[in-house]
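Below are the chains, spelled out letter by letter.
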Amino acid sequence: MRGDYAVPTLFNGNFDAVAAQLDSQPIPGWSLYNGDNKSVLQSSLVNRNSITTLSNPVVGSNSGSINYALKLGTGDSITHNPFVVPDWGNLRFDVFAPTQSGTLNVKLETIDGQSKNVIINLAQDANFQIDAANNNNTESIKNIYSDIENKIGFGRKGFETFQLKLNLTDLEIADFRGKSAKITFSLDGGDSVYIDNVFFKSEHLKFGNPTQARWNPSNSTYKNNLLLEKPQYAVSYNADTKIANWVGWKVDKTWVTRPKTQPGELPNGLIKRPEFIADPDLFASGLSTYDGNIFTGLGMDRGHLSPDRDRRRHPKDQLATYLTTNLIAQSMDNNRFFVPGSNSPADASAWFNIEDKVIAPRVAQGQELYIFAGAIGNNPNVQKKTNVPELLDDLFNGELINQGNTSPSNLSNRQIHIPRWTWKTIMAGEQPGAEVTSSNIETFAYMTPNVAEPDWTLSLDGVANPLNNNMFSPFLDNVRPKITGKTDWRNPDTWRVTLPELTKILNERNRVRNYAFDFDFFSNLP
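What comes next concerns the included structure. Predicted, not measured: the structure shown is a model, and the values here were computed from it.

Criteria and cut-off values
Residue numbers run consecutively from 1 along every chain, following the written order of its sequence. Whole-chain, interface and lining totals are the exception, using all residues; otherwise, since this is a predicted model, local features are given only for residues with pLDDT of at least 70 and side-chain atom pairs are given and counted only at 80 or more. Derived side-chain values reflect all non-hydrogen atoms in the structure, with water molecules and hydrogen atoms excluded from consideration. By convention in these notes, a salt bridge is any Lys or Arg side-chain nitrogen within 4 Å of a carboxyl oxygen on Asp or Glu. Think of it this way: any DSSP run of H or I at least four residues long counts as a helix, any run of E at least two long counts as a strand, and we number them from the N terminus. For every residue, the accessible area obtained with a 1.4 Å probe (protein chains only) is divided by the maximum for its type, and the residue is called buried under 20%, exposed over 50%, and partly exposed between those limits. Stacked, tilted and edge-to-face pairs are distinguished by plane angle, under 30 degrees for stacked and over 60 for edge-to-face with tilted covering the rest, among Phe, Tyr and Trp rings (Trp via its six-membered ring) whose centres lie within 6.5 Å. A ring is scored as having a charge over it whenever the NZ atom of a lysine or the CZ atom of an arginine sits within 6 Å of its centre and within 35 degrees of its normal. Think of it this way: DSSP has to see at least two bridges between two strands before they count as a pair. Residues are treated as being in contact if the distance between any of their heavy atoms lies within 4.5 Å. Angular values range over 0 to 180 degrees, each being the angle between N-to-C directions of two axes fitted as lines to C-alpha atoms, with helices fitted over their stretch in contact.

## So, the pattern of salt bridges
Scanning the model with the defined rule gives 26 salt bridges in all. Arg214 serves as the salt-bridge partner of Asp87, at 3.6 Å between the closest nitrogen and oxygen. Taken together, the residues span a long stretch of sequence, with Asp87 in the loop between β4 (83–84) and β5 (91–96) and Arg214 in the loop between β12 (192–200) and α3 (220–223) at a distance of 127 residues. The class for Arg214 is buried, based on a relative accessible area of 13%. The partner of Arg513 in a salt bridge is Asp240, with the nearest N and O atoms 3.0 Å apart.

## With respect to the packing of aromatic side chains
Aromatic rings considered in pairs are described by the distance between their centres and by the relative angle of their planes. Tallied over the entire structure, the rule returns 22 aromatic pairs. Ring geometry for Phe93 against Phe185: centres 5.4 Å apart, planes inclined by 80°, an arrangement best described as edge-to-face. On the criterion of sequence distance, the pair formed by Phe93 in strand β5 and Phe185 in strand β11 (residues 180–188) is long-range, its members being 92 residues apart. Accessibility classification places Phe93 together with Phe185 in one group, the buried group. Ring centres 6.3 Å apart and planes at 55° place the aromatic pair Phe207 and Phe522 in the tilted group. Within this pair, whereas Phe207 is found in the loop between β12 and α3, its partner Phe522 is found in the segment after α11 (499–512), the two being separated by 315 residues in sequence. Taken together through their ring pairs, the aromatic side chains of Trp246, Phe372, Trp423, Tyr515, Phe517, Phe519 and Phe521 make up a single cluster. Just above the ring of Phe352 sits the side chain of Arg309; from NZ or CZ to the centre is 5.7 Å. The ring of Trp255 has Arg311 sitting right over it, with the charged end atom 3.7 Å from the ring centre.

## Topic: the pairing of strand β22 (residues 421–429)
Looking along a regular strand, one sees the side chains alternate between the two faces of the sheet. Of all the 9 residues making up β22, 9 are buried; the element is thus mostly covered by neighbouring parts of the structure. Residues Trp421, Trp423, Thr425, Met427 and Gly429 point to one face of β22 and Thr422, Lys424, Ile426 and Ala428 to the other, with burial holding for every one of them.

## Points about the sheet that holds strand β15 (residues 243–251)
One open sheet holds the 7 strands; their spatial order is β13-β14-β15-β19-β22-β23-β24, and the pairing between them is antiparallel. Looking at strand neighbours, the two that pair on one side only are β13 (226–229) and β24 (496–497), the edges of this open sheet. With respect to the sheet, helix α7 (residues 350–364) is in contact with β15, β19 (368–376), β22 and β23 (442–449), its orientation differing from that of β22 by roughly 10°. Along the sheet face, α11 touches β14 (234–238), β15, β19, β22, β23 and β24 and points at about 50° away from the line of β23.

## Let's talk about the side chain of Gln42
The topology assignment puts Gln42 in the segment before β1 (45–47). The exposure class assigned to Gln42 is buried, which follows from its relative accessible area of 6%. The residues touching Gln42, leaving out its near neighbours within four places in the chain, are Val18, Ala20, Gln21, Leu22, Asp23, Gln25, Pro26, Ile27 and Pro28.

Pasting the structure below:
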């Protein structure tokens with residue numbers, strides 16, 4: 001069913017299971033309870049193509065077909081028929097609120113009377129400003145992040161995903177998971193609101209939850225495979241390494257297109273890059289957390305796993321990428337663009353080129369990508385900051401800031417891993433919304449060394465490819481040729497592996513560290 005997994009987590013959560021719209025008939029899956037006056041019938045279904053104020057009605061393979069959303073008016077409510085709460089996943093739902101008024105109340109209630117709810121503030125925009133005055137004030141940034149979470153961002157122009165979080169205690173897991181329940185949406189005090197894609201489990205994990213991560217922080221198994229779901233991406237967090245096992249996100253044209261500023265509109269959002277902050281969901285788990293300011297003086301970059309460039313449709317979405325569960329210590333030679341104004345791949349790191357030369361063009365062409373990124377290994381030792389000449393010459397307040405070695409003690413003393421390798425997988429469908437199987441998806445996988453690149457003045461004859469090491473070689477089909485210079489080192493193809501090869505390497509790492517989970521990137525597909 002469009003908008004959900006191969007096996008839907010909620011029947012007709014996208015309101016499209018209607019053979020022919022009959023205004024006086026109930027909506028399939030939502031027919032047992034729909035308000036005392038039975039006002040929310042099929043007449044409340046609206047084809048997204050006909051909503052003139054919507055910036056992106058439908059895309060890709062669905063652009064020529066009917067795609068219903070539910071329109072609730074003032075005082076309306078609708079309840080889904082009883083269903084069984086899945087064994088994992090938050091409840092997610094898409095909201096389009098073109099007018100600033102009212103609240104949308106969402107309630108999940110079990111047959112035993114246990115309930116969870118969330119209120120979406122339709123009257124207020126998720127406006128904020130982070131500039132030079134507060135970009136390092138982590139408490140201010142945390143307050144902003146919390147304040148805007150359930151206010152409207154992109155949802156003024158298109159459908160924005162919100163969540164009813166099911167970050168449950170042990171007792172609540174027993175009370176909710178696997179239990180019969182119903183969901184109610186009600187509009188209070190507003191003019192109207194549109195709802196679509198009411199489902200459980202993150203849309204970013206459409207192809208699979210790679211390690212079958214779960215929210216169950218008191219369970220020793222899941223402390224190292226803890227599921228954190230955001231509207232913008234999903235995370236498997238590892239309490240042992242104190243970084244993510246993986247971060248997964250969907251990207252298409254909608255996600256990367258920065259909205260145009262309207263005449264007279266005040267500056268909004270990330271005027272200056274903010275400091276990373278502790279993930280509030282991780283704090284709720286009781287596990288240790290940290291802010292990004294502990295990276296100060298490290299001599300490595302604060303590296304995004306899910307980059308902010310893939311979340312530019314609204315500043316609210318961009319800010320969500322600045323959580324430390326989406327952060328790793330990343331060598332600047334494995335992260336940056338080195339020569340401002342150049343468009344040459346030879347002037348950027350391989351990691352940057354994967355984003356700029358592999359991902360960005362496919363998104364621009366209208367493809368829908370599902371991406372996972374992570375890191376493995378741990379190097380707590382002092383290492384060279386950079387060997388890139390352009391970076392070695394960087395000045396700040398008259399000081400050459402990139403020369404010399406790293407200072408890893410701030411992280412290593414906290415047992416936060418400094419990865420030896422970074423990896424990324426890209427799964428590309430032909431167009432958004434198309435039905436996919438593992439056989440008709442184009443896949444890419446990369447492993448890049450998280451170190452300073454070689455000093456090419458001392459390596460005139462080239463260097464051996466670091467992928468040819470004792471741990472990786474048994475799982476790679478071919479020995480990699482010598483890397484002859486910086487152009488080769490910075491070329492993503494030098495570091496490309498197959499998805500099965502990467503999966504085997506990640507699973508060997510799990511075996512060595514005695515983790516009770518394996519990777520499978522296509523666990524949801526036939």
